[in-house]
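Residue-level structural notes
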Amino acid sequence: MEMTLVIIKPDGLKKSLTGNILTRLSETKLEIVGAKVVRVSKELASEHYRALKDKPFFADLVKYIMGEYHTKRVFALVYAGKDAIKKVREICGATNPEEADSVSIRGAYGRITTKGVYENVIHASANTEDAEREIKLWFSPEEIVAEAYPAVEAEEKVRRQKWA
Ligand code: DAT
Ligand code: MG
């Protein structure tokens, strides 16, 4: 079984594309084993895109995924199943939305702004190493309803909010 991280980016949420995107992804017959709405911090954004930190578009990419241009939330999901990474990437389409197949998610819904930001609606892990790193970055073991990666019990003293 393979797992992959999917993020419906802030433009996807703002444009009310969540349902359409999930419907497209359901064509893969993969299983959703984790899902949550996340407000992306600068730290999380920078860590997620750390391989691109020297690119000229890095600062805008971080702002985009943080929702500075749309709405400050993303929908993060983990899909699991045979060839999950490849199946999801195929439906997403190419990175550049203008080059993406028109029936792919990015081809249908993405755009490049006049400023040059690729608003390509969705993130999907590119390979098994990225998938493991990204899933561990975005999700804790308890948030995934599957045997994902080895985990250990840890006693942690953390300040958490609870309902008043
Ligand atoms: P992908 O998201 O297809 O895995 P990537 O990991 O190379 O592509 O890049 C991450 C994101 O960075 C991508 O979804 C959009 C943005 N990006 C990539 N290349 C870009 C470029 N030349 N100009 C602007 N944004 C770019
Ligand atoms: Mg990538």
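Refer to the preceding data block for the structure.
1. Re the packing of aromatic side chains
Considering all chains together, one arrives at zero aromatic pairs under this definition. One residue, Lys 36, lies across the ring of Phe 139, its end atom 4.7 Å from the ring centre. Note that Lys 136 overlies the ring of Tyr 149, its terminal NZ or CZ placed 5.1 Å from the centroid.

2. A few points about helix α7 (residues 128-138)
Of all the residues in α7, the buried ones are Ala 131, Glu 134, Ile 135 and Trp 138. Buried residues of α7, seen end-on, are gathered within an arc of 100 degrees and therefore sit on one face of the element.

3. Observations concerning the environment of Arg 111
Tracing the backbone through its elements, the reader meets Arg 111 in strand β4 (residues 111-112). If we skip the residues at most four places from it in the chain, Arg 111 touches Lys 15, Pro 97, Val 117, Tyr 118 and Glu 119.

4. Points about the site of ligand 1
As a matter of local geometry, ligand 1 sits amid Lys 9, Tyr 49, Leu 52, Phe 57, Leu 61, Arg 89, Thr 95, Arg 106, Gly 116, Tyr 118 and Asn 120. Between Arg 89 and ligand 1, the recorded distance is 2.8 Å, taken from a side-chain N or O atom to an oxygen atom. In this structure, Tyr 118 approaches ligand 1 through a side-chain N or O atom, which is 3.4 Å from a nitrogen atom. Across the shell around ligand 1, the residue classes break down as five nonpolar, three polar and three charged.

Calculation notes
Residues numbered from 1 in each chain as written. Chains lettered and ligands numbered in written order. Predicted model: local features only at pLDDT ≥ 70, side-chain atom pairs only at ≥ 80, totals over all residues. Heavy atoms only, no water. Phe/Tyr/Trp six-rings, centres within 6.5 Å; stacked < 30°, edge-to-face > 60°. Lys NZ or Arg CZ within 6 Å of the ring centre and 35° of its normal. Buried < 20%, exposed > 50% of the residue type's maximum accessible area, 1.4 Å probe, protein only. Helix = DSSP H or I, 4+ residues; strand = E, 2+ residues; numbered from the N terminus. Arc of directions from axis to C-beta. Contact = heavy atoms within 4.5 Å. Near = heavy atom within 4 Å. Polar contact = N/O pair within 3.5 Å; in protein donor to acceptor, adjacent residues only side chain to side chain. Nonpolar A, V, L, I, M, F, W, Y, C, P; charged D, E, K, R; others polar.

These results come straight from atomic positions and should not be treated as a statement about function.
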